[in-house]
Amino acid sequence: MSRTATTDAALLAQGARDRARTRSLMWRTLRNPLSMIGMIIIGLLVLVAAAAPLIATEDPLQTNVAERLAPPSRAHFFGTDTLGRDIFSRVIYGSRISLRIAILTAVIATVIGAPVGIVAGYFRGRLDDIAMRVTDMFMAFPRLILAMAIAAALRPTLENVVIAISLAAWPAYARLARSMTLGLREENFVEAARALGASPPRILARHVLPGVMSPLIIQISLDMGGIILTAAGLGFIGFGAQPPTPEWGVMISEGRNYITTQWWVSTFPGIAIALTVLGFNLLGDGVRDVLDPRLRGRIGA
Amino acid sequence: MWSYLVRRLLLASVAIAGVLVIVFFLSHVIPGDPVGAILGPQAPQDLIDDLRQRYGLDRPLYEQFVRFVERLAHGDLGTSLATKRPVIRDLIEFFPATIELATASILLGVVVGVSVGVISAVTHGRWIDHAVRFFSLIGLSMPVFWLGLILLYIFYFKFGLLPGPGQLDVFLTRPPFVTGMVLVDSLIARDFDTFGNAIHHLWLPAIVLGSHALVGIARITRASMLEVLGLDYIKVARAKGLAERTVVFKHALRNALLPIITVIGIYYGGLLEGAVLTETVFSWPGLGRYATSAILSQDFAAIMGVTILIALIFSLANLVVDLAYGILNPKIRYE
Amino acid sequence: MSSRHALVIGLLVLTLVLPAAAAAPPSRVPANVLVFGGVISDSISLDPAEAFEFASVWVANQIYDTLVDFSRDFTRAVPKAAASWTASADLTTYTFRLRPGMRFHSGNPVTAGAVEFSIRRAHRLKLSPSFIVTDFIKAPEDVAATAPDTVRVRFSQAMPEVLMASVLANAVTGIVDPAVVQRNATPADPLANKWMADHDAGSGAYELIGWSRNLKIELKAFDNYWRGRPPMGRVFIQEILEPTAQLLALQRGDIDVALSLLPSQVAQLTPQSGFIVKKTPTFSIRYLAMNVGYEPFRSRQVRTAIKFAIDYEAIKGIFENAIEVGETIVPAGMFGHLPDRPYSKNLDRARALMREAGLERGFNAELIVSTEIPLPDVAAKIKEDLAQIGINVDVKVLRSADVTSTYRARTHQFVIARWGADYPDPDNLAKAFADFDSRVLAFRNQWDHPVKQVVQAAVKERDQARRAAMYRDIQKVVLDEGPYVIFAYPLRQIGMRANVRGVDPSPLNITYDFSNASK
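1. A short note on the overall build of chain C
Link 1 in the chain: Helix and strand counts for chain C stand at 18 helices and 18 strands.
Link 2 in the chain: Its C-alpha atoms give chain C a radius of gyration of 26 Å, within 12% of the compact-globule value 24 Å for 519 residues.
Link 3 in the chain: A principal-axis box enclosing the C-alpha atoms of chain C has dimensions of 90 × 80 × 50 Å.
Link 4 in the chain: Relative to its full complement of 519 residues, chain C shows a buried share of 55%.
Link 5 in the chain: Restricting to contacts in chain C with at least 6 residues of sequence separation, those with at least 24 account for 68%.

2. Side note on the overall build of chain B
Link 1 in the chain: Scanning chain B for helices and strands turns up 13 helices and zero strands.
Link 2 in the chain: Counted from the first residue to the last, chain B has its helices and strands arranged as α-α-α-α-α-α-α-α-α-α-α-α-α.
Link 3 in the chain: Considered along the principal axes of its C-alpha atoms, chain B spans approximately 85 × 55 × 40 Å.
Link 4 in the chain: Here chain B holds 335 residues, and the buried ones make up 52% of them.
Link 5 in the chain: A separation of at least 24 residues holds for 73% of the contacts in chain B among residues at least 6 apart in sequence.

3. Remarks on the interface of chain B and chain C
Link 1 in the chain: Tallying the contact residues gives 56 residues for chain B and 54 residues for chain C.
Link 2 in the chain: Here the element with the most residues in the side of chain B that touches chain C is helix α5 (residues 87-122) of chain B; it accounts for seven residues.
Link 3 in the chain: Per-class residue counts for the side of chain B that touches chain C are 31 nonpolar, 16 polar and nine charged.

4. Remarks on the interface of chain A and chain C
Link 1 in the chain: Counting residues at the interface gives 16 residues for chain A, matched by 19 residues for chain C.
Link 2 in the chain: Here the residues of the side of chain A that touches chain C sort into seven nonpolar, six polar and three charged.

5. Describing the nonpolar core
Link 1 in the chain: Of all hydrophobic cores here, the largest spans 364 residues; its most connected members are I145, A147, M148 and I228 of chain A, I217 of chain B together with F433 of chain C.
Link 2 in the chain: Tallying contributions element by element places helix α9 (residues 192-229) of chain B first for this core, with 19 residues.
Link 3 in the chain: Residue contacts for I217 of chain B: discarding those within four places in its chain leaves G109, V110, G113, V114, G117, I260, V263, I264 and Y267 of chain B.

6. Focus: helix α2 (residues 54-63) of chain C
Residues and elements named next belong to chain C.
Link 1 in the chain: Judged by how many residues are buried, α2 sits mostly within the fold: nine of 10 residues are covered.
Link 2 in the chain: Taken together, the buried positions of α2 are occupied by A55, S56, V57, W58, V59, A60, N61, Q62 and I63.
Link 3 in the chain: Looking at the buried side of α2, the elements it contacts are β1 (33-38), β8 (206-212), β9 (216-221) and β10 (234-239).

7. Some thoughts on the environment of L215 of chain C
Link 1 in the chain: In this structure, L215 of chain C sits in the loop between β8 and β9.
Link 2 in the chain: Owing to 23 C-beta atoms within 10 Å, L215 of chain C belongs among the buried residues under this scheme.
Link 3 in the chain: For L215 of chain C, the residues in contact, after removing those within four places along its chain, are G166, Q167 and P285 of chain B together with E239 of chain C.

8. A few points about unusual backbone geometry
Residue and element names in this part refer to chain C.
Link 1 in the chain: For F74, which is not a glycine, the phi torsion comes out positive at approximately 60°.
Link 2 in the chain: Looking at the element boundaries, F74 is found in the loop between β2 (68-70) and β3 (77-79).
Link 3 in the chain: By C-beta crowding, F74 is classed as buried, having 21 other C-beta atoms within 10 Å.
Link 4 in the chain: With a phi angle near 60°, R410 is a residue other than glycine that sits in the positive phi range.

9. Looking at the packing of helix α7 (residues 144-158) of chain B against α9 of chain B
Residues and elements named next belong to chain B.
Link 1 in the chain: One way to put it is that α7 packs onto α9 with a least axis distance of 10 Å and a crossing angle of 150°. By the angle between their directions, the pair α7 and α9 is classed as roughly antiparallel. α7 and α9 meet at a crossing whose hand is right-handed. Two secondary-structure elements touch here, α7 through V144, L147, G148, L151, L152 and F155 and α9 through L204, I207, V208, L209 and S211.
Link 2 in the chain: Partitioning the contact of α7 with α9 into residue classes produces nine nonpolar, two polar and no charged.

10. Focus: α5 of chain B
Residues and elements named next belong to chain B.
Link 1 in the chain: For α5, built from 36 residues, the straight-helix expectation of 52 Å at 1.5 Å per residue is met to within 8% by its first-to-last C-alpha distance of 50 Å.
Link 2 in the chain: Along α5, the sharpest change in direction is near 30° and occurs at F94; proline P96 comes one to four residues later.
Link 3 in the chain: Most of α5 sits out of view: 27 of its 36 residues are buried.

11. What to know about the pairing of strand β15 (residues 363-370) of chain C
Residues and elements named next belong to chain C.
Link 1 in the chain: Across eight bridges, the pairing between β15 and strand β16 (residues 391-398) is parallel. Its bridge partner being in β16, A365 is matched across the sheet by V393.
Link 2 in the chain: Where the polypeptide runs from β15 across helix α13 (residues 375-387) and back to β16, its parallel neighbour, the crossover connection is right-handed.
Link 3 in the chain: As paired strands, β15 and strand β17 (residues 414-420) are joined by two bridges and run parallel to one another. Bridged to I368 within β17 is V415.

12. Considerations on the sheet that holds strand β4 (residues 82-87) of chain C
All names here are of chain C.
Link 1 in the chain: An order of β4-β5-β7-β6 is seen for the four strands of this open sheet, with the pairing classed as antiparallel. Edge positions in the sheet fall to β4 and β6 (143-147), since each has one partner strand and no second. Sheet twist, expressed as the average angle between the axes of neighbouring strands with direction ignored, equals 25°.
Link 2 in the chain: Pairing geometry for β4 and strand β5 (residues 93-98), over five bridges, is antiparallel. By the bridge assignment, T86 is partnered in β5 with T95.

13. A look at the environment of L168 of chain C
Residues and elements named next belong to chain C.
Link 1 in the chain: Structurally, the position occupied by L168 is in helix α5 (residues 161-168).
Link 2 in the chain: Distance from L168 to I119, taken between C-alpha atoms, is 9.1 Å for residues 49 residues apart in sequence.
Link 3 in the chain: In this structure, L168 is in contact with T66, L67, V68 and T173, ignoring residues within four places of it in sequence.

14. Remarks on the confidence of the model for chain C
All names here are of chain C.
Link 1 in the chain: For chain C, per-residue confidence averages 89 on the pLDDT scale, and residues scoring 70 or more make up 94% of the total.
Link 2 in the chain: Low pLDDT, under 50, characterises residues 16-27; the stretch is placed with 16 contacts to residues that sit more than four places away or in other chains.
Link 3 in the chain: If you check the scores for this complex, the pTM reads 0.79 and the ipTM reads 0.78.

15. Considering the confidence of the model for chain B
Link 1 in the chain: Looking at chain B, pLDDT values average 80 and 93% of them are 70 or higher.
Link 2 in the chain: When pLDDT is averaged over each element of chain B, α5 of chain B comes out on top at 89 and helix α2 (residues 34-39) of chain B at the bottom at 70.

16. Notes on the packing of helix α3 (residues 33-50) of chain A against helix α5 (residues 87-123) of chain A
Residues and elements named next belong to chain A.
Link 1 in the chain: Where α3 meets α5, the closest approach of the two axes is 8 Å, and the angle between their N-to-C directions is 110°. On the basis of the axis angle, α3 is roughly perpendicular to α5. Where α3 approaches α5, its residues L45, V48 and A49 are matched on the opposing element by I92, S95, R96 and L99.
Link 2 in the chain: When grouped by side-chain class, the residues that make up the contact of α3 with α5 number five nonpolar, one polar and one charged.

Definitions and cut-offs
Residues numbered from 1 in each chain as written. Chains lettered and ligands numbered in written order. Predicted model: local features only at pLDDT ≥ 70, side-chain atom pairs only at ≥ 80, totals over all residues. Helix = DSSP H or I, 4+ residues; strand = E, 2+ residues; numbered from the N terminus. Rg over C-alpha atoms; globule rule 2.2 N^0.38 Å. Buried ≥ 20, exposed ≤ 12 C-beta atoms within 10 Å, placed from the backbone. Contact = placed C-beta atoms within 7 Å. Nonpolar A, V, L, I, M, F, W, Y, C, P; charged D, E, K, R; others polar. Core = buried A, V, L, I, M, F, W, Y, C linked by C-beta atoms within 7 Å. Axes fitted to C-alpha atoms, helices over the stretch in contact; angles between N-to-C directions. Parallel < 35°, antiparallel > 145°, perpendicular 65-115°, else oblique. Left-handed = near helix turned anticlockwise from the far one by under 90°. Expected span 1.5 Å × (residues − 1). Bend = angle between axes of the 7 residues up to and from the residue. Pairing = 2+ DSSP bridges. Right-handed = clockwise from strand over helix to strand, strands pointing away. pLDDT = per-residue confidence, 0-100.

Written as structure tokens, this is what we have:
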């Protein structure tokens, strides 16, 4: 694995070096119709999440047993669930939860992963060995199963889902940050800073970190879809968020028993997840395509 | 090469040992009462105390760890609290079903994924490419458990094209246990009815489990093919007037294989992840479900057994990928 | 260019054809085979001395005979392997005469020695269900064969007939073939408990052919069964985890009976579409418990206020009507049940009681509940209800293992839990809910009430009418003062094809006995 990472790193370094390209990168990404669609979906998602209280027609937690399992109608656009809660409002509020999980996970995983990777890559030697063995350890395990174990060890709550997925995800970012740093430390501007007597923390913060961030952000945007799916999977098997939280995975799990009779209960949250993940995937795909033709596909692996 | 292999194996064992220590302490630190969980809320206290003593769960944590390591050194994974059987026996019983499903999924993923990827690459930039990519992205965006339920509904219930949950029709007898894989065992027993039935049962879960790998393989194939198709020698080949089929398959695909193989290896290890969800939806008697229930009931011995097995397979898959990479690409030398 | 098109089309066709090749006609169940769809993956062992889960107990009941059986209304014992019996005057000793001519699946005769061996074996193995034996029979030697066809059982207390049957109709006392057990014993496992986990040593209506864990249990009709050979030659219990998948399998004709359907799915099975549904109470109780060790719950007014604040009808809706609303600790259908239902949502009364207790400004309390559907929803509803009388409930959803251990440790405040009768006698429930000294639920909720003396006396009472009256008194006290809000008696509903006969669910261990099943 390390070999692919190193080759990727060199390539990525090449791509990231030219910051001026960033703006044109965005422009070129959006020129691709598929990425444009992705961008629109994500934009809508953020909008919906931000304006949830304005869009939702009812309190997502308000039960009304008398109106349980009502089919979609003008009063309930997406119908109601087993407790008579308005599925439309729950799906709308669910966007907040999914976005929160995705963003928090990305932040936590980066906050752990980036420093570990940068320090390991910059100082090499013992530190690097230890850091890489630790990431090996975490990466010797599938993400969902590791997250399951951690979520079980803590308690099945939304916060713990974030912690579990972050702990399972950070090693990949540490690896990426490390390989980026390996390339950057040989760069002229870093060597120049060193020659001028800049302290290592200063070099790391001022010169290395910015170079590491943009590939990391790209990588994270590629992973967003996967993070949302993992969280939903945890919710589905009962390790994640718990009812009555309007988390999409939990909603599908609750609705799966009604799939033959009240299709709307699981279908709408299912579509919501699929659309959201699709949006992230389309966007990520576009970014990757534009970055470097030779890079296509390999980062995500 | 050999010293590289030895080093990699050493590193892998260090990683696995680390995983074991982490999982052991993690699973034992969880506040909870596995014995109470298994006996249920109504069991009398003395029965619980008795069982806890029988399984050594009343001992201090470090003592339990030492005992675990000692047993492990003798190849003994301990006894599962939930099934009351040696963990090794449970693994032997449940793992083949997962291997069978994962292998079928990856085969499906490779055959369909590479085809789709080639189509997409050959029609690069035109509507068919966009359509294929769009639909494959939709596939990648569906939660597997939801996809499973929907496919079950459509193919099994609505149209009756494929059989329902389970590994075999219930009144078919499983062939004698040789490998534990129904497909292989039924062939060994020359029981072709069972073989056919098992194949039919395999389709839906394999499609569901393989869907993400399929899309991943399709994308990497497309990317890799595009890269190769843009190279000079392909242009030369085309200019020489070679048939498109020859150019695509003989020249381009062969050279595009390297990253494809890498990604196949990675996905194969990763299928264990999807197996947890797929096996739940399809009542598949595999390792994924065993792992889930072990974690839920804090069945320590079973958790550790599954951990060891999964870590081994994952590390092995990574090693094989790296080696294959080196063999296929002589430019890479092992330090 | 055209060759490139051909290539594209070829590959497209290939990808489309692949799944299409999978089409196959669905299989149907043959006429002399009965297939159940259910969940068997929690089963640990089919050894009658160890079987303790939903499916394993039920299946062990089909493979092994017990001395007696319950009458359908659970008021008395009826003969099974024992053709008749007599009881001593103090109801502590029963003497059973065996049915002549019974044989094990191995061909060996069923003897008094085998009965003695079996019950002593369960006693010695001390496995999960053993307390059903050891709570009432002190030593293994208290079960003795006194003649080739006569067994004497000495109990440690007076045993009214129903209580006797609670022990001797339970699968844990199922009769095993000593010769078969001894043949498969090992020095490490002298009672062959490991071997018995998935092998057969019984005399019941069905022989065990095999058990593929997480997959299926396969049974075959026993030709020499004393009631006559069961009509169904083969019976399968197939693991289908998802209730939806069970419904699909039933509707497609791949299974005959679906054991774990959900209420909304049951509603779809109409006689017009060729299906029937059978319902039964289950002798179990869903309740909300309050730990009296937590200061506010020490007040009886607060406990009663909570009982008046809860919307029982709404909870019934959450359970999709698959429950009966009942408020006393002895469930409907059981001997001695008191049908009183004094509580319904009445916020004025509840608020008045809170004022009386000096807690009109409310308090905070934590409620723990397991992840089992639909309990978190019930908890959410209770939170909503109690907020209206000022109690601010913090719901914590935990794994059921954690709920149980917290409950056992008595560190909870509110908990939503379930109790299923271990045996169909009110003694079991009275002991659990009202007898502090038996260290079960009253103990866990730190509710030590003098009514425990009535509980301890009632079990010894020989006069049925007086015994019933005592249990009604106990229920009344618990209803008025106890720390429990009982909101449901769950129902079990099983769906089957309309042509299936003889599969009748019962409150105890699901389907009772299907030796007469046919279709």
